[in-house]
Structures are given as structure tokens and as C-alpha cells.
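One letter stands for each residue in the lines below.
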Amino acid sequence: TGSSRPQRILKAVQKNATKGDPQSVISAIDYYCRHKEWAMNVGDDKGLILDSVLTEVNPSMALELGTYCGYSSVRIARLLSPNSKLITVEFNPAFAAIARQIIAYAGLQDKVTIVEGASGDLIPKMKERFGLKSFDFVFLDHWKDRYVPDTKLLEDCGLLRKGTVLLADNVICPGAPEYLKYVRNNPRYESRYYPSVLEYTKAEDGLEKSVFLG
Ligand SMILES: Cc1cc(-c2n[nH]c(CCNC(=O)c3cc(-c4ccc(F)cc4)cc(O)c3O)n2)ccn1
Ligand SMILES: [Mg+2]
């Protein structure tokens, strides 16, 4: 049988990027997915917003829900301070295997831990598994109907602290309408919408940044 899209993305990285150079890995994926075949990476347009929010927060502990090929894991990890960590959760083992190789190609394997499984199962185990108190930053980029239940789960598991920043991808396309209602009408969050486009297209999309007020 033929290769998968994630396998073709890995090949494009190995062919066009420089080992240990995260920016070249990002550029290689963006070029491939814009000119050869579309893929559900956060992409270069929304990626610039992710970069700026991340730089502002400068998290010690970051969580990403939805790894896919590791594109946003590389975007996040390349901007983390020394000793800061990213935990990223991927449901599909085949995606996780590719992401592990792309993150390693970028030289960021010491900053990123990939965990395989469903967010709803893994979130309640995070404190004990990783000996962490709370997350400073959470990037929601997984199944769009899990944004609300998993945000509530993060609250209930004490994994958010006063000031934790949640950044949600795809709030317009494919869309997370319940999530927008939840964070925008909730006094425990201060939210702001960053308009952009769906990765590698002209379709409307955007990121919602929500600060947990405790
Ligand atoms: C339950 C659970 C789930 C996960 C998990 N791991 N990996 C993911 C990936 C989820 N991402 C998407 O589905 C996604 C889709 C589009 C899209 C698709 C088709 C279109 F036509 C237009 C847009 C665009 C995007 O930017 C996306 O992010 N979820 C991990 C853990 N636990
Ligand atoms: Mg996305």
C-alpha cells in the first residue's frame, strides 16, 4: 500500500530541511502543504499568531492537544526557554510516530513529550504522570467537540492556574461554536479573538485566546 500524508510530510522535511534547524522544518512543511498537498497543520498565517502569544506567555509548562505531524509542537518548542517543556497529546499512533520523527529532526526531542491516547483519558492522569502542578499555556488543536469538555476537565483537575492562557485553533473552521460560547460567557475567562485564515487557504478561521482568571 502507498504512503500516508504524514509520511509524505516527513519525507519532505528529510529532503528539504536542515537537521537541528526548527525554522527550516517549519518552512519545509509549510511549502509542501501549500504547494503539494494540504494538511491540517496550524500553518504559517495562524502560526505567527501562535508565536506571538507564546512569546508573550513564555510558559515553563505547555500542553498541546492534537499533535498531528508535530508542526505546532516544533513552533512551540523552538520558542520555549531552557528547562521549559511541552507535553503534546495525539490520538492516532501513526500520526504520533511521524510527529516524534519530525520533532527529533528539528532537534527538539528533549523539550517535547508526546503522549498517545484520548485527551479525556489522559488529562486526569497528567499531574501524577508528570509531577506537574499546572500548565502555563494550553494549545487546543484536537477534536473540536472536545474543546469544551476538556477545558472543564483541565479546570476540575486543577491543571489551570490564575493567568493560564488557553489558545484554541479552528474556532471558525471547522468551528468550535460551543467553545466560543463557553469561554466568552464565562466570568472565569478573559477572551480575545484573533482573525486569520484556515491553513494554506483563503477560508476564514481564527484563534481564540482565553486567560483563566482562577
Ligand atoms: C480526542 C483526542 C483527539 C486528539 C487529536 N489528535 N489529533 C487531532 C487532530 C484534530 N485536528 C483537526 O481535526 C483539524 C481539522 C481541520 C480541517 C479538516 C478538514 C477541513 F475541511 C477543514 C479543516 C483543520 C485543523 O486545523 C485541525 O486541527 N486530534 C488528541 C487527543 N484526544
Ligand atoms: Mg488545527
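To be clear, the structure that these remarks concern was listed above.
Computed from a predicted structure; not experimentally measured. (Residues numbered from 1 in each chain as written. Chains lettered and ligands numbered in written order. Predicted model: local features only at pLDDT ≥ 70, side-chain atom pairs only at ≥ 80, totals over all residues. Heavy atoms only, no water.)

A word on the coordination of the magnesium ion (ligand 2)
- Surrounding the magnesium ion (ligand 2) are the protein donor atoms Asp141 (OD), Asp169 (OD) and Asn170 (OD1), which sit 2.0 to 2.2 Å from the metal.
- Positions of the donor residues of the magnesium ion (ligand 2), expressed as sequence spacing, correspond to D-x27-D-N. Of this pair, aspartate 141 sits in the loop between strand 4 (135–140) and helix 8 (147–156) while aspartate 169 sits in the loop between strand 5 (160–168) and helix 9 (171–175), and the two are 28 residues apart along the sequence.
- You can call aspartate 141 buried: its relative accessible area is 12%.
- By relative accessible area, which is 0% here, aspartate 169 ends up buried. (Donors = N, O, S within 2.8 Å, 3.2 Å for Na, K, Ca; no water. Helix = DSSP H or I, 4+ residues; strand = E, 2+ residues; numbered from the N terminus. Buried < 20%, exposed > 50% of the residue type's maximum accessible area, 1.4 Å probe, protein only.)

A few points about the nonpolar core
- If you look at the biggest cluster of nonpolar residues, it comprises 43 residues, and the most contacted ones within it are Ile9, Val25, Ile29, Ile76, Ile102, Phe137 and Phe139.
- Taken together, the elements giving at least two residues each to this core come down to helix 1 (5–16), helix 2 (22–35), helix 3 (43–57), helix 4 (71–77), helix 5 (93–105), strand 3 (112–116), strand 4 and strand 5.
- Those residues in contact with isoleucine 102, other than ones at most four positions away along the chain, are Ile9, Leu10, Val13, Val25, Ile29, Cys69 and Val74.
- Formed by 28 residues, the second largest nonpolar core is a distinct cluster that contains Met61, Val138, Leu160 and Leu166. (Core = buried A, V, L, I, M, F, W, Y, C linked by side-chain atoms within 4.5 Å. Contact = heavy atoms within 4.5 Å.)

Concerning the packing of aromatic side chains
- A complete count under the given rule lists 5 aromatic pairs for this structure.
- Each ring, one from tyrosine 189 and one from phenylalanine 212, has its centre 5.3 Å from the other, and the planes form 50°; the classification is tilted. On the criterion of sequence distance, the pair formed by tyrosine 189 in strand 6 (residues 189–197) and phenylalanine 212 in strand 7 (residues 204–212) is long-range, its members being 23 residues apart.
- Ring pairs connect the aromatic residues Tyr182, Tyr189 and Phe212, which therefore count as one cluster. (Phe/Tyr/Trp six-rings, centres within 6.5 Å; stacked < 30°, edge-to-face > 60°.)

Looking at the packing of helix 1 against helix 2
- Where helix 1 contacts helix 2, the axes come no closer than 9 Å and their chain directions differ by 125°. The orientation of helix 1 relative to helix 2 falls into the category oblique. The element helix 1 and its partner helix 2 pack so that their crossing is right-handed. Between helix 1, through Arg8, Ile9, Ala12, Val13 and Asn16, and helix 2, the contact on the second element is made entirely by Val25, Ala28, Ile29, Tyr32 and Cys33. (Axes fitted to C-alpha atoms, helices over the stretch in contact; angles between N-to-C directions. Parallel < 35°, antiparallel > 145°, perpendicular 65-115°, else oblique. Left-handed = near helix turned anticlockwise from the far one by under 90°.)

Some details on helix 2
- In a regular helix each residue adds 1.5 Å, so 14 residues correspond to 20 Å; helix 2 covers 20 Å between its end C-alpha atoms and thus fits that length.
- Among all positions of helix 2, only Pro22, Ser24, Val25, Ile26, Ala28, Ile29, Asp30, Tyr32 and Cys33 are buried.
- For helix 2, the secondary structure elements touched by its buried residues are helix 1, helix 3, helix 4 and helix 5. (Expected span 1.5 Å × (residues − 1).)

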